[in-house]
Structure formats: structure tokens, C-alpha cells
Amino acid sequence: MRFSRMSVAVASVVAAVVAAVPGAASAADGAPGAWVPAPQEAFEMPAGARCEFAVRVEPVVDEVRKLTLDTYPDGSPKRELFTGALVDRVTNLETGATATADASGTSLVVYRPDGSMTWYVTGPVLLGFRENAGSLPKGLWIVDGQFRVAFTPTYDKTITMLHGTTHNVCTDVD
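Just so we're clear, the structure is a prediction, and the values are computed from it rather than from any experiment.

*Asks:* Please explain the environment of Gly33 as it appears in this structure.
*Replies:* Mapped onto the elements, Gly33 comes out in the loop between helix 1 (2–18) and strand 1 (36–37). For the pair formed by Gly33 and Leu69, sequence separation is 36 residues and the distance between their alpha carbons is 7.2 Å.

Written as C-alpha cells, this is what we have:
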């Protein structure tokens, strides 16, 4: 059963890593690094890129940290774990309307040499979709639950939802 295997795999990785001594990872853990801050930069998108209007996304709470679990021979990350509180303010730059979006999920990210990556997620994350570039329509989506997101090298996204919900934040500030 796909749900059970993925649920157990994500839960096992998260439990094992979170149980490690905070702030440090030893060679015995197989992790080449330690927990470090992973701040999100504020960004703006022009009208039509994600929402029908120009939009700004900026963190108001950002306690996200990451742990590099494995690297490629050149030192680039192969697998990383991200966790921590993240609440974004989404602003319609044309009207000034704002909404907050809780994106405080936990993600195991697997990077591939071709530039593609896969996220194994528990909890909410904020994902932007371009027109005809993924499994959701254009928008800024809070995806919550347990799911996998496969990214192509050009950042087209396919979500495989085990269980959860999706909500287009653009509709909150329209």
C-alpha cells in the first residue's frame, strides 16, 4: 500500500533526525552537517504569473531550519530535511489586501543531478504554480497533509496527495 510505505518512510526519517542532538550531527549519524537556519526571502510576482494581480510574499514568522543528510561528491546537497514555523504574508500589490498563510510543514527534499527534486511533505507548504506547469492550476497554493511533490528541472510540479487539502491563497486577497 503506497500510503503506508510513504507515511512510515517520512515519519521514520523525521523521527530519527529530530531525535538527534539539536544543533549537531555526528559522523555516526551519516549527516554531513548540523541544523542551520534556512530563511525564506520575500519575493514579488507580476500580475498573471501566479495570481491575476501582482503579489508579494514575505515571511512574518520564519523559524525554518535545515539539516543536510547526504551530499554528492562535489559537496552539493543530495538530501535535506526542512522544518520549523513559517507564516507568510501574501499581499495583493494592486489593492493592498493581505492574508497570512501557514507554511510550517516538514519536508525531506531529495535533489537529483539533473536539477529535478522530490519533496516528501507532512504539513502545509506554500507552492506557486505557473499556467500549465503542474498538477494544480496557476496560483499560490497552500498544500496541507501528507504528499509528495516532484519538480522537473524547470520547476513544473506534480503533487501526489496521500491525504490533505489544497487552497489557492490568491482567492484570499483578490
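Next comes the rest of the account.
*Asks:* Whenever I open this one, the pairing of strand 7 (residues 98–102) confuses me. Can you help?
*Replies:* Because side chains alternate across strand 7, one face comprises the buried residues Ala99 and Ala101, and the other comprises Thr98, Thr100 and Asp102, none of which is buried. Inspection of the sheet shows strand 6 (residues 86–92) paired to strand 7 by five bridges, in the antiparallel sense. Among the inter-strand pairings, Thr91 is bridged to a residue of strand 7, identified as Thr98. From the end of strand 6 to the start of strand 7, which pair antiparallel, there are five residues, and Gly96 there has a positive phi angle of about 85°.

*Asks:* Hey, could you run me through the sheet that holds strand 2 (residues 43–45) in this one?
*Replies:* The strands making up a sheet are joined through hydrogen bonds of the backbone, oriented either antiparallel or parallel. Strand order in the open sheet formed by four strands is 2-3-6-7, and the pairing between neighbours is antiparallel. For this open sheet the edge positions go to strand 2 and strand 7, each flanked by a neighbour on one side alone. Looking at each pair of strands side by side, their axes are set apart by 25° on average, direction ignored.

*Asks:* How should I be thinking about the nonpolar core in this particular structure?
*Replies:* Inside soluble globular proteins, nonpolar side chains tend to come together where they are buried. Core analysis: the largest hydrophobic core is formed by 34 residues, its most contacted members being Val90, Trp119, Leu127, Leu140 and Ile159. Elements represented by at least two residues in this core include exactly strand 3 (55–62), strand 6, strand 7, strand 9 (117–122), strand 10 (125–129) and strand 11 (139–151). Looking at this core element by element, the count peaks at seven residues for strand 11. Not counting residues up to four positions away in its chain, the partners in contact with Leu127 are Trp119, Gly139, Leu140, Trp141, Val143, Val149, Phe151, Lys157 and Ile159. Counting five residues, the second-largest nonpolar core is a separate cluster that includes Trp35, Leu67, Leu69 and Leu81.

*Asks:* Whenever I open this one, the confidence of the model for the protein confuses me. Can you help?
*Replies:* Any region with low pLDDT has predicted coordinates that should not be read closely. Per-residue confidence for the protein gives a mean pLDDT of 87, with 82% of residues at or over 70. Across residues 1–31, where pLDDT falls below 50, the model places 33 contacts with residues more than four positions away in sequence or in other chains.

The rules we used
Counting of residues starts from 1 at the beginning of each chain's written sequence and follows it residue by residue. Only residues with pLDDT of 70 or above have their local features reported here, since the model is predicted, and side-chain atom pairs are shown and tallied only from 80 upward, although totals for entire chains, interfaces and linings are computed over all residues. Processing note: side-chain calculations cover all non-hydrogen atoms of the structure and skip hydrogens and water entirely. Helix and strand assignments follow DSSP, with helices taken as H or I runs no shorter than four residues and strands as E runs no shorter than two, numbered in order from the N terminus. We call a residue buried when its accessible area falls under 20% of the maximum for its residue type, exposed when it is over 50%, and partly exposed in between, using a 1.4 Å probe and counting protein chains only. Pairing between two strands is assigned when DSSP locates at least 2 bridges connecting them. Angular values range over 0 to 180 degrees, each being the angle between N-to-C directions of two axes fitted as lines to C-alpha atoms, with helices fitted over their stretch in contact. Buried Ala, Val, Leu, Ile, Met, Phe, Trp, Tyr and Cys residues that are joined via side-chain atoms within 4.5 Å together make up what is termed a nonpolar core. The contact criterion used is simple: two residues touch if any of their non-hydrogen atoms lie within 4.5 Å. pLDDT is a per-residue confidence score from the predictor, ranging from 0 to 100.

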